[in-house]
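# Examining the three-dimensional arrangement
Okay, here's what each chain looks like letter by letter:
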Amino acid sequence: MGDNGYKIDDDVGKRGVNDSNLPSYKPPLEDNDEKNKEDVEDNGPKRAVWGNQLEFLMSCIATSVGLGNVWRFPFVAYQNGGGAFLIPYLIVLICIGKPMYYLECLLGQFSSRNSVRFWALAPAMKGAGYSAILGCAYILTYYVSIVGLCLYYLSMSFQSTLPWSVCAPEWTDCIPSDPNQPATEVSPNASSSAELYFVKTVLQQIDGIEGGIGAPIWYLVLCLLASWFIIFVIVSQGVKSSGKASYFLALFPYVVMIILLITTVILPGSGDGILFFLTPQWDKLLELNVWYAAVTQVFFSLSVCTGAIIMFSSYNGFRQNVYRDAMIVTTLDTFTSLLSGITIFGILGNLAYELNREVRDVVGSGGTGLAFISYPDAISKTFLPQLFSVLFFLMMTVLGVGSAVALLSTINTVFLDAFPKVRTIYMSAFTCCSGFLIGLVYCTPGGQYILELVDYYGGTFLVLFCAIAEVVGIIWIYGLENLCLDIEFMLGIKTSFYWRFCWGLICPVMMTVVFIYALQGVTNLRFADTYIYPPAGYAAGYVMLFAGVSFVPIGIAYTLYRNRSGNFLETIRKSFAPKAAWGPISPTEKAGWEEFKREAKIHRENVGSSWPGHIWRSLTGLYRRKL
């Protein structure tokens with residue numbers, strides 16, 4: 001939390017007279033100084049901005065409120081004991097989720113830079129930005145395959161009899177999801193027709209991947225292609241088109257979710273499932289695996305540490321009330337997770353009632369298929385199953401597309417900022433085609449096994465590492481007090497004890513403990529809690545993980561090499577201190593910010609404090625309390 005020395009330039013503001021000069025504003029290079037080229041690029045052509053503030057808010061809602069709430073949250077809660085998971089989830093949300101989301105909104109808006117270039121505040125940590133982008137890419141590849149499954153179910157919903165509501169002749173021990181269909185005598189291990197349809201008909205799932213994953217299934221390939229085409233159409237024109245689409249992507253799903261909730265709670269046995277979800281098991285609070293699941297679910301749901309939030313907020317106006325927006329989105333995200341959780345577990349309670357089992361034992365396959373088993377099963381029991389099915393899977397598709405658009409836009413923004421002469425439509429075509437080709441692996445009979453590996457090692461474990469690197473780089477290298485001063489200058493509000501303490505201590509400590517725990521048990525991953533991967537599967541997972549982790553040490557080593565000098569301490573200082581280009585992108589705002597920082601620094605020097613005292617004053621905000 002040290003006070004990194006800012007490079008104060010007394011001539012700031014003289015180079016660019018006002019904001020109208022911004023597109024051509026470029027600070028002069030020193031003779032033969034190659035190291036400053038990146039600083040010039042940071043102040044290149046003016047970035048696009050949202051059409052209005054509501055577009056940013058809706059885009060954030062469409063990003064954070066997605067399949068992570070409706071698809072992933074219920075099965076993670078199911079795997080971790082229902083109510084046993086809810087308490088750690090809410091604690092992690094308050095102590096880590098909200099602070100990290102607010103932090104990323106602040107950084108993007110303050111710097112107007114993407115998730116890689118904002119590391120001008122601590123150049124040696126720039127590799128953490130690339131790690132986050134790789135994690136974002138990992139998530140995007142399998143996320144769109146889930147959207148493809150939603151499209152498949154949507155297309156099947158127009159049949160006169162929903163195919164998952166009845167038992168196929170070749171299925172044994174099957175209970176039809178449609179209560180009006182005749183049921184045969186079954187054993188205690190019977191499965192619902194919705195589960196058998198998903199596993200045997202849709203996925204054609206094999207028993208393991210030791211003998212390969214098989215060839216892509218043609219109808220899943222078509223659905224994947226359609227998903228990528230929809231995403232391409234939305235992102236092809238940049239932030240302007242995605243901002244307009246966000247209104248529908250953010251609001252439509254709630255209409256369907258509320259209707260489905262009302263339908264679910266009146267089913268027999270649904271109350272038992274809801275109680276299972278809401279009743280905490282206090283002894284589970286001592287199990288670190290539950291906390292790990294809570295941390296990773298919060299990150300996945302809010303899309304923090306993937307670069308998406310930084311990217312979206314970088315298109316904001318400098319003075320926008322991003323604090324209000326962050327609180328709205330994180331609160332709405334929690335509400336949506338609880339809403340979908342109550343709905344899912346109400347359905348599971350009804351399934352337990354139909355199958356005469358305990359709620360925890362009702363869905364054998366679990367995993368990523370839970371939302372494609374329990375939701376279709378409930379839809380089959382409604383009075384207008386075709387209508388509800390169309391609405392529900394249209395909602396799922398909309399939710400998935402909203403988040404996928406944000407993830408792809410994050411990757412596009414990094415590439416477009418690196419290659420500004422390439423048009424957005426061409427870059428979008430390249431990234432979408434690449435994503436489609438990679439996504440073919442998830443369309444195979446063994447695709448769900450691969451999805452679980454990528455989700456665990458690349459989508460959750462790597463993102464957790466990126467979060468730790470982000471907090472260390474921003475709070476402990478750039479400095480907590482520096483960050484809070486930036487917030488005060490931009491928003492005109494002093495940062496409270498809650499935010500300071502969460503950023504400075506709670507976030508890094510909790511995330512590090514969970515990460516170390518997960519690192520020790522990283523080979524314990526099992527598919528649906530039963531299938532053990534072959535050694536090659538775990539090896540591939542490690543490769544994915546360490547490919548992302550390696551960006552951080554490589555970035556530090558490279559920056560130290562670029563700034564090498566005869567004095568090692570001076571090399572360290574140059575490598576980790578903010579660049580001259582860091583700060584508001586507007587020359588006028590930057591001049592005011594540097595003057596504000598100069599006065600704050602003089603005040604801190606007058607107060608005087610030891611290193612422990614400086615940390616305490618930074619955590620508590622004592623430096624600014626009397627001003």
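Residues numbered from 1 in each chain as written. Predicted model: local features only at pLDDT ≥ 70, side-chain atom pairs only at ≥ 80, totals over all residues. Heavy atoms only, no water.

For the protein, the name recorded in an unreviewed UniProt entry is Transporter, with Arctia plantaginis as its organism. In its Function (unreviewed entry) section, the UniProt entry covering the protein states "Unusual broad substrate spectrum amino acid:sodium cotransporter that promotes absorption of the D isomers of essential amino acids. Neutral amino acids are the preferred substrates, especially methionine and phenylalanine." Recorded in UniProt under Sequence similarities (unreviewed entry), the annotation for the protein is "Belongs to the sodium:neurotransmitter symporter (SNF) (TC 2.A.22) family." (UniProt positions renumbered as here; feature names shortened; annotations may be inferred.)

With that settled, consider the state of the cysteines. Inspection of every chain in the model, using the stated rule, returns one disulfide. Residue C167 pairs covalently with C174 via a disulfide, S to S 2.0 Å. Its torsion about the S-S bond being -85°, the disulfide of C167 and C174 is classed as left-handed. Free of any disulfide, C466 has its nearest cysteine sulfur in C305, 7.2 Å distant. The class for C466 is buried, based on a relative accessible area of 2%. (Disulfide = S-S within 2.5 Å. Buried < 20%, exposed > 50% of the residue type's maximum accessible area, 1.4 Å probe, protein only.)

On to the UniProt feature "binding site: Na(+)" (unreviewed entry) in the protein, then. Residues annotated by UniProt as "binding site: Na(+)" (unreviewed entry) correspond here to V65, N69, S301, L399 and S403. The largest pairwise C-alpha distance within this set of annotated residues, which runs over 339 residues, is 11.7 Å, so the set is compact in three dimensions. Examined against the element boundaries, N69 turns out to sit in helix α3 (residues 67-79). In this structure N69 comes out as buried when scored by relative accessible area, which is 0%. Excluding anything up to four places from it in sequence, N69 contacts S64, P74, S301, D333, T336, S337 and S340. One can find S403 in helix α14 (residues 385-418). Apart from the residues within four sequence positions on either side, S403 is in contact with A62, T63, G66 and Y143. (Helix = DSSP H or I, 4+ residues; strand = E, 2+ residues; numbered from the N terminus. Contact = heavy atoms within 4.5 Å.)

Aromatic rings considered in pairs are described by the distance between their centres and by the relative angle of their planes. Tallied over the entire structure, the rule returns 45 aromatic pairs. Look at W218 and Y219: their rings are 5.5 Å apart centre to centre, the planes differ by 85°, and that puts the pair in the edge-to-face class. According to the relative accessible area criterion, W218 is exposed, its value standing at 61%. An aromatic cluster is present here, built from Y152, Y153, W164, Y197, F198, W218, Y219, F372, F392 and F393 joined pairwise through their rings. When the ring centre of F489 is taken as origin, the NZ or CZ atom of R319, which lies over that ring, is 4.8 Å away. (Phe/Tyr/Trp six-rings, centres within 6.5 Å; stacked < 30°, edge-to-face > 60°. Lys NZ or Arg CZ within 6 Å of the ring centre and 35° of its normal.)

The geometry of helix α19 (residues 551-562) relative to helix α20 (residues 568-576) is characterised by a closest axis approach of 9 Å and an angle of 120° between their N-to-C directions. Compared by their axis directions, α19 and α20 come out oblique. In this structure, α19 crosses over α20, and the sense of that crossing is right-handed. Residues I556, T559 and L560 of α19 touch α20, and the partners they reach there are T571, I572, S575 and F576. Each residue belonging to the contact of α19 with α20 can be placed in one class, and the counts come to four nonpolar, three polar and no charged. (Axes fitted to C-alpha atoms, helices over the stretch in contact; angles between N-to-C directions. Parallel < 35°, antiparallel > 145°, perpendicular 65-115°, else oblique. Left-handed = near helix turned anticlockwise from the far one by under 90°. Nonpolar A, V, L, I, M, F, W, Y, C, P; charged D, E, K, R; others polar.)

Moving on: a nonpolar patch on the surface. The grouping of F415, F419, V422, Y426 and F430 at the surface amounts to a nonpolar patch, some 520 Å² of accessible area in total. Within the secondary structure, V422 sits in the loop between α14 and α15 (424-439). (Patch = residues over 30% accessible without salt bridge, like charges linked within 9 Å, V, L, I, M, F, W, Y side chains within 5 Å. Areas by Shrake-Rupley, 256 points an atom, 1.4 Å probe, with all protein chains shown as cover. Salt bridge = Lys/Arg side-chain N within 4 Å of Asp/Glu carboxyl O.)

To continue, consider the pattern of salt bridges. All chains considered together, the criterion is met by seven salt bridges. Here E481 ties to R500 by a salt bridge, and the two come within 3.1 Å at their closest N and O atoms. Placement of E481 in helix α16 (residues 447-491) and of R500 in helix α17 (residues 497-520) is noted, with a sequence separation of 19 residues between them. For R500, a relative accessible area of 2% gives the class buried.

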